[in-house]
Amino acid sequence: HGEDRFREFLPPQRISTQPDLLIAKDGHQRRLEIFCDWKDTWRRQNHADLRDGKYLRLREERALLFGIAPLSLMGFLIDLAADDGDFQLGFIPAYRKPVYTTKTIRARLRPLDDVFQSLLTHGCS
């Protein structure tokens, strides 16, 4: 569903905060944001960052945040309708951008098979 679904580089004014997917099960629907860690930062440095507008939109949409770390085959599922994920407002000087950061993400990491199972079982409940 998100503007980046075609993986085109967009100018800043066209970057959307819309969650990536809409999933449905047994008549229930949820928005799902896919969040990837291509450098294993979550496990090594114990932090994850979301653009400020993206985080606020995901909370507003009561979305699921589905984290995937391909290098370690780990991930997480945070239901932002029920859990704020320990994200706190911060600022990244290198990018001169406000972000929401969690510094406890390592504790949420699980084997990807477990995370996929959790998504299938509880995703739209």
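Conventions we followed
- Residues take numbers from 1 onward in each chain, read along the sequence in its written order.
- In keeping with the predicted nature of the model, local features appear solely for residues at pLDDT of at least 70, side-chain atom pairs appear and are counted solely at 80 or more, and the whole-chain, interface and lining totals rest on all residues.
- Water and hydrogen atoms play no part in the side-chain values, which are based on all heavy atoms of the structure.
- For helices the rule is a DSSP run of H or I covering at least 4 residues; for strands it is a run of E covering at least 2, with both sets numbered from the N terminus onward.
- Throughout this description, buried means an accessible area under 20% of the type-specific maximum (1.4 Å probe, protein chains only), exposed means over 50%, and partly exposed covers the range between.
- Here, residues are in contact when the closest pair of their heavy atoms is within 4.5 Å.
- Aromatic rings from Phe, Tyr and Trp, with only the six-membered ring used for Trp, were paired whenever their centres fell within 6.5 Å, and each pair was classed as stacked if the ring planes differed by under 30 degrees, edge-to-face if by over 60, and tilted otherwise.
- To obtain the arc, one takes the directions from the helix axis to the C-beta atoms.

A. View of the environment of Cys 36. By the element assignment, Cys 36 lies in strand β2 (residues 28–36). Among the residues examined, Cys 36 registers a relative accessible area of 32% and is labelled partly exposed. On a C-alpha basis, the gap between Cys 36 and Gly 75 in space is 8.8 Å, while along the polypeptide they are 39 residues apart. Residues contacting Cys 36, with those up to four places away along its chain left out, are Trp 42 and Ile 68.

B. The arrangement of the packing of aromatic side chains in detail. What the rule picks out here adds up to 6 aromatic pairs. Judged by centre distance (5.2 Å) and plane angle (40 degrees), the ring pair of Tyr 55 and Phe 87 falls under tilted. Of the two residues, Tyr 55 sits in helix α2 (residues 52–60) while Phe 87 sits in the loop between β5 (74–79) and β6 (88–92), which places them 32 residues apart along the sequence. Between Tyr 55 and Tyr 100, the aromatic rings sit 4.4 Å apart at their centres with planes inclined by 25 degrees, giving stacked as the arrangement. Taken together, the positions of Tyr 55 in helix α2 and Tyr 100 in strand β7 (residues 97–102) put the pair 45 residues apart, joining distant regions of the chain. Each member of the pair, Tyr 55 as well as Tyr 100, carries the same accessibility label: buried. The structure contains a cluster of three or more aromatic residues connected by ring pairs, namely Phe 35, Trp 42 and Phe 76.

C. Structural detail: α2. What α2 keeps buried is the set Lys 54, Tyr 55 and Leu 58. The buried side chains of α2 occupy one side of the element, clustering within an arc of 95 degrees when seen end-on. Against β2, β3 (48–51), β4 (64–69) and β7 lie the buried residues of α2. Looking one or two residues beyond α2, the residue adopting positive phi is Arg 62, at roughly 55 degrees.

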